[in-house]
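If you want the building blocks of each chain, they are given just below.
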Amino acid sequence: MRRLRKRSLQPLVRETTLSVHDLIMPLFFDENASEPVSIASMPGQFRYPLREAGTVARDIRDAGLGAVILFGIPKAKDPEASGAYAADGIIQAAVRAMKSAVPDLVVITDVCACEYTDHGHCGIVGDTAEGPDLLNDPSLDLIARIAVSHAKSGADIVAPSCMLDGMVGAIRRALDDAGFCDLPIMSYSSKFASALYGPFREAADSGFSFGDRSTYQISPSNRREAILESDLDRSEGADILMVKPASFYLDIIAAVRELGLPVAAYQVSGEYSMIAAAADRGWLSRRETVLESLVCIKRAGADLIITYFARDVAGWLHEER
Ligand code: PBG
Ligand code: ZN
C-alpha cells in the first residue's frame, strides 16, 4: 500500500477534497448590539449589529466564501415569536443589507422561533397530557409565515430548524402561494437533541425556560428514526437535507446521502468550542484538527458543511494553493 503513499503521488489518489464552495458560514445579528460583541462560549465568533451587515458580507466574500446562514437576536421576545416575521425584523433587515452589499452572496436564513419566543421553544407552546410543551400543528402557520417573510426580504434559501412534523410541506405551500416557487428549502431534517448546542444557546440567547427539546428533536440513540425524518422531509419537498450535529453522526450522514438529495452537515457550536478550547490550550493543532474534522464529514457523504470555522478554512485553503 505504500507505493501510492509517496509524497509526490498522494494528491493523485486523494479520494476526498475540501473546497471553499462546500462551506457555509453561520453569522449572528443582534438587534441589541451597537458594535460586534464576542461570544464567550465560542471564542472568535461575534454577534454583529445590523449596521455591520454590509461590511461582514464584503469580508466573507473577500475571504473567498460564497454562502452564509443567518441567526437573529431580537430586541423583544413574546410567546408568539412576532419578532421572527416582522417585516423590519433583525433578520429581514440583515438579509436586505447583505444582499445589497454583495448581491451574489448566497444568504440562507435559519427559520425557527426559539430566538424570538420568551419561553425559548421552537414554536407555540401549550398544555399537553405531559405538561406544557411545544404544540406541533398550531406552530406550522408561524413557521411558514417566518419563511415567507425571509423570502420577501431576499433570502436565497430558507432553512427550517424547528423539527416540527410537516414543516417542510407547510413552508413549501406558503412559499408557492406567495410566488416563491423557485426558492429552495434546506431542511434541518435529521436534527438530534444534542448537548452540543450549548454554546449556541448562549450565542443566540435561545435557551428554554422549561423542559427540553427531546419531544421534537431526535434521540441520539435512534438511527432509523433519523433516516425516516429526512425521508419524510424529502417527500414534503425539501431540496437539501441536513444532519446535525456532524462529527458524532457520520453514520447518519452516510445513510441520508442514499436518499439522493444534496446533504448538508452542521458542525455545531459545541463541535467548534471543543476544538477551539483544546487548540487555545495548545493541546490540539487548530488547523490540522479543523481540516481533518471537515474532510471526514465530507468523506462520510456531506456535500455542504455549515461550520463556524469557514472563514479560517477559506484562508488556509487559499494558502495551500
Ligand atoms: C434553533 C437552532 C439551534 C441550532 C441551530 N438552530 C439550537 C437548538 O436547536 O437548540 C444549533 C446550532 C449550533 O449549536 O451551532 N432551532
Ligand atoms: Zn429553534
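Located above this text is the structure these notes cover.
Each value, and the rule that gives it
Residues numbered from 1 in each chain as written. Chains lettered and ligands numbered in written order. Predicted model: local features only at pLDDT ≥ 70, side-chain atom pairs only at ≥ 80, totals over all residues. Heavy atoms only, no water. Near = heavy atom within 4 Å. Polar contact = N/O pair within 3.5 Å; in protein donor to acceptor, adjacent residues only side chain to side chain. Areas by Shrake-Rupley, 256 points an atom, 1.4 Å probe, with all protein chains shown as cover. 1 Å grid on protein atoms, 1.4 Å probe; cavity = no way out; pocket = protein on both sides within 12 Å on 5 of 7 lines; lining within 4 Å. Sits in = over half its atoms within 2 Å of the grid points. Donors = N, O, S within 2.8 Å, 3.2 Å for Na, K, Ca; no water. Tetrahedral: all angles 85-135°; square planar, octahedral: opposite > 155°, others 65-115°. Buried < 20%, exposed > 50% of the residue type's maximum accessible area, 1.4 Å probe, protein only.

Here we look at the site of ligand 1
Thought 1: Among the 17 residues in the neighbourhood of ligand 1, the closest are listed as Lys-191, Arg-201, Lys-244, Ser-269 and Tyr-308.
Thought 2: For ligand 1, a nitrogen atom lies 3.5 Å from a polar atom in the side chain of Asp-110.
Thought 3: Ser-269 places a polar main-chain atom, nitrogen or oxygen, 2.7 Å from an oxygen atom of ligand 1.
Thought 4: Across the complex, the protein chains shield 100% of the 410 Å² of accessible surface that ligand 1 would expose by itself.
Thought 5: Among the cavities detected, the one that contains ligand 1 is the largest cavity.

A look at the coordination of the zinc ion (ligand 2)
Thought 1: Protein ligation of the zinc ion (ligand 2) involves Cys-112 (SG), Cys-114 (SG) and Cys-122 (SG), the donor distances falling in the range 2.2 to 2.3 Å.
Thought 2: Each of the 4 donor atoms bound to the zinc ion (ligand 2) contributes to angles spanning 99 to 120°, and the resulting shape is tetrahedral.
Thought 3: Read in sequence order, the donor residues coordinating the zinc ion (ligand 2) give the pattern C-x1-C-x7-C.
Thought 4: Judged by its relative accessible area of 7%, Cys-114 falls in the buried class.
Thought 5: Among the residues examined, Cys-122 registers a relative accessible area of 1% and is labelled buried.

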